[in-house]
Amino acid sequence: MEAPIGVIDSGVGGLTVVKEMLNRLPNEPIIYIGDDARCPYGPRSTQEVRQYTMEMASALSKMGIKMLVIACNTATAVALDEIREHFSFPVIGVIVPGARGAVKASETGNIAVLGTVGTINSGAYDDAIHALNPNATVYPLACPEFVPIVESGLYKSESASGIVAKALVGLAGKEFDVAILGCTHYPLVQHHIQAHLPDGVNIISSAVETVSDVEQMLLLKNSKRHSASEVAPIFYTTGKIEQFSPIVEDWLLIDQPDVRHIIL
Ligand code: DGL
């Protein structure tokens, strides 16, 4: 196999970025690691998230990746710089692309950011949005309840809708025209989020913009794969294969995906 692109997340959230990669860059081999055994990262200390992110990046480095996508906002917020310094391959995060997509989409400059406690507390979205639009008003909201719904596979359930509705009360009275899904798990509950946000709010996930950055980097490094044959992605989880596989099948529409266990 030609050198693959590595993708990492605390669990299944990064699959939302993989979905966009499979659409836009179908000939690129992908190796994914989801650290489901230690998910969620949102409530963890900066030091823990840095260490776990380094462990995933190191494992992929040994597998010979040509680029790394940190498809996790929480890890991007606290570990991107360190990972970039440590490895020679290009490393793409999800926060600057997400902020860019939101600033482009917002007419009023009033932007809500939904994310994990770690991402919201880091202020990384505030910084990224204000770097692009100094006049923007940002309404951050930590939604620690959402990741467990997704990881447990309950994202389509009615109870998920109620949990999302309750969390979004935190934005009541705020006026915004764009909401960023500042956690890669959240597109799996996007239908619930959309249903409980005011009409007309445009929801932005960082996946589309992130994959644009991946493509640009491939072109810049002259490392875009030329062969037109598609290669099935390989997924590693530190957690249970039987919990991970159904979400890959459902979200990426891949029959019998290649899901393996990894110890970091
Ligand atoms: N999917 C991740 C993110 O984008 C992490 C969620 C978590 O583990 O708390 O932030």
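Residues numbered from 1 in each chain as written. Predicted model: local features only at pLDDT ≥ 70, side-chain atom pairs only at ≥ 80, totals over all residues. Heavy atoms only, no water.

J.: For this particular structure, what's the right way to read the side chain of Ser245?
T.: Note on placement: Ser245 falls in helix H11 (residues 241-252). The exposure class of Ser245 is buried, given its relative accessible area of 13%. (Helix = DSSP H or I, 4+ residues; strand = E, 2+ residues; numbered from the N terminus. Buried < 20%, exposed > 50% of the residue type's maximum accessible area, 1.4 Å probe, protein only.)

J.: Explanation requested: the layout of surface pockets in the structure shown.
T.: To find the voids left in a structure, one rolls a probe of water-molecule size over its atoms. Estimated volume of the largest pocket: approximately 290 Å³. If you go around the largest pocket, you meet 18 residues; those closest to its centre are Thr76, Leu80, Asp81, Ile95 and Val96. Of all the secondary-structure elements, those providing two or more residues to the lining of the largest pocket are helix H3 (73-86), helix H4 (95-105) and helix H6 (124-132). Here the lining of the largest pocket takes eight residues from H3, the largest share from any one element. (1 Å grid on protein atoms, 1.4 Å probe; cavity = no way out; pocket = protein on both sides within 12 Å on 5 of 7 lines; lining within 4 Å. Points joined across faces, edges and corners; volume = space filled by probe spheres on them.)

J.: When you look at the site of the ligand in this model, what are you seeing that I'm missing?
T.: Surveying the vicinity of the ligand reveals 14 residues, the closest of which are Ser10, Tyr41, Asn73, Thr74 and His185. At 2.8 Å, a backbone N or O of Gly42 approaches an oxygen atom of the ligand. A distance of 2.6 Å separates an oxygen atom of the ligand from a polar atom in the side chain of Thr74. The pocket occupied by the ligand, as judged from atoms lying within 2 Å of grid points, is the largest cavity. (Near = heavy atom within 4 Å. Polar contact = N/O pair within 3.5 Å; in protein donor to acceptor, adjacent residues only side chain to side chain. Sits in = over half its atoms within 2 Å of the grid points.)

J.: Sorry, what's going on with helix H10 (residues 207-220) here?
T.: Since one α-helical turn is 3.6 residues long, residues separated by three or four positions face the same way. End to end, H10 covers 20 Å across 14 residues, agreeing with the expected 20 Å (1.5 Å per residue, within 8%). Where H10 is concerned, the buried positions are Ala207, Glu209, Thr210, Val211, Asp213, Val214, Glu215 and Leu218. Positive backbone phi, approximately 55 degrees, marks Asn222, located one or two places after H10. (Expected span 1.5 Å × (residues − 1).)

J.: How should the nonpolar core be read in this particular structure?
T.: Soluble, globular proteins show a tendency: their nonpolar side chains are buried together. In this structure, Leu15, Leu114, Leu171, Tyr186, Ile193, Leu197 and Phe235 are the most contacted members of the largest nonpolar core, which totals 53 residues. Ranked by residue count, the leading element in this core is H11, at five residues. With residues near it in sequence (within four places) discarded, Leu114 still touches Ile120, Leu141, Cys143, Leu168, Leu171, Ile180, Leu181, Gly182, Cys183, Tyr186 and Ile193. Among the nonpolar cores identified, the runner-up in size contains 26 residues, and Met54, Ala57, Ala79 and Phe87 belong to it. (Core = buried A, V, L, I, M, F, W, Y, C linked by side-chain atoms within 4.5 Å. Contact = heavy atoms within 4.5 Å.)

J.: Explanation requested: the pairing of strand E2 (residues 30-34) in the structure shown.
T.: For E2, the tally of buried residues reaches five of five residues, placing the bulk of the element in the interior. The side-chain alternation of E2 yields two buried faces, one formed by Ile30, Tyr32 and Gly34 and the other by Ile31 and Ile33. Where strand E1 (residues 5-9) meets E2, five bridges bridge the pair, whose relative direction is parallel. The residue bridging Ile8 from the neighbouring strand is Ile33, located in E2. (Pairing = 2+ DSSP bridges.)

J.: What's the story with the sheet that holds strand E8 (residues 202-205) in this structure? I'm lost.
T.: Two modes of strand pairing occur in sheets, parallel and antiparallel, and in both the strands are linked by backbone hydrogen bonds. Pairing within the open sheet is parallel, and its four strands lie in the order E6-E5-E7-E8. Lying at the two open borders of the sheet, with one neighbouring strand each, are strand E6 (137-142) and E8. In this sheet, neighbouring strand axes are inclined to one another by 25 degrees on average, regardless of whether the strands run parallel or antiparallel. Two elements, strand E7 (residues 178-182) and E8, share four bridges in a ladder whose sense is parallel. Pairing of Ala179 across the sheet is with Ile203, part of E8. Across the sheet, H6 touches strand E5 (110-115), E6 and E7, and the angle it forms with E6 is around 160 degrees. (Axes fitted to C-alpha atoms, helices over the stretch in contact; angles between N-to-C directions.)

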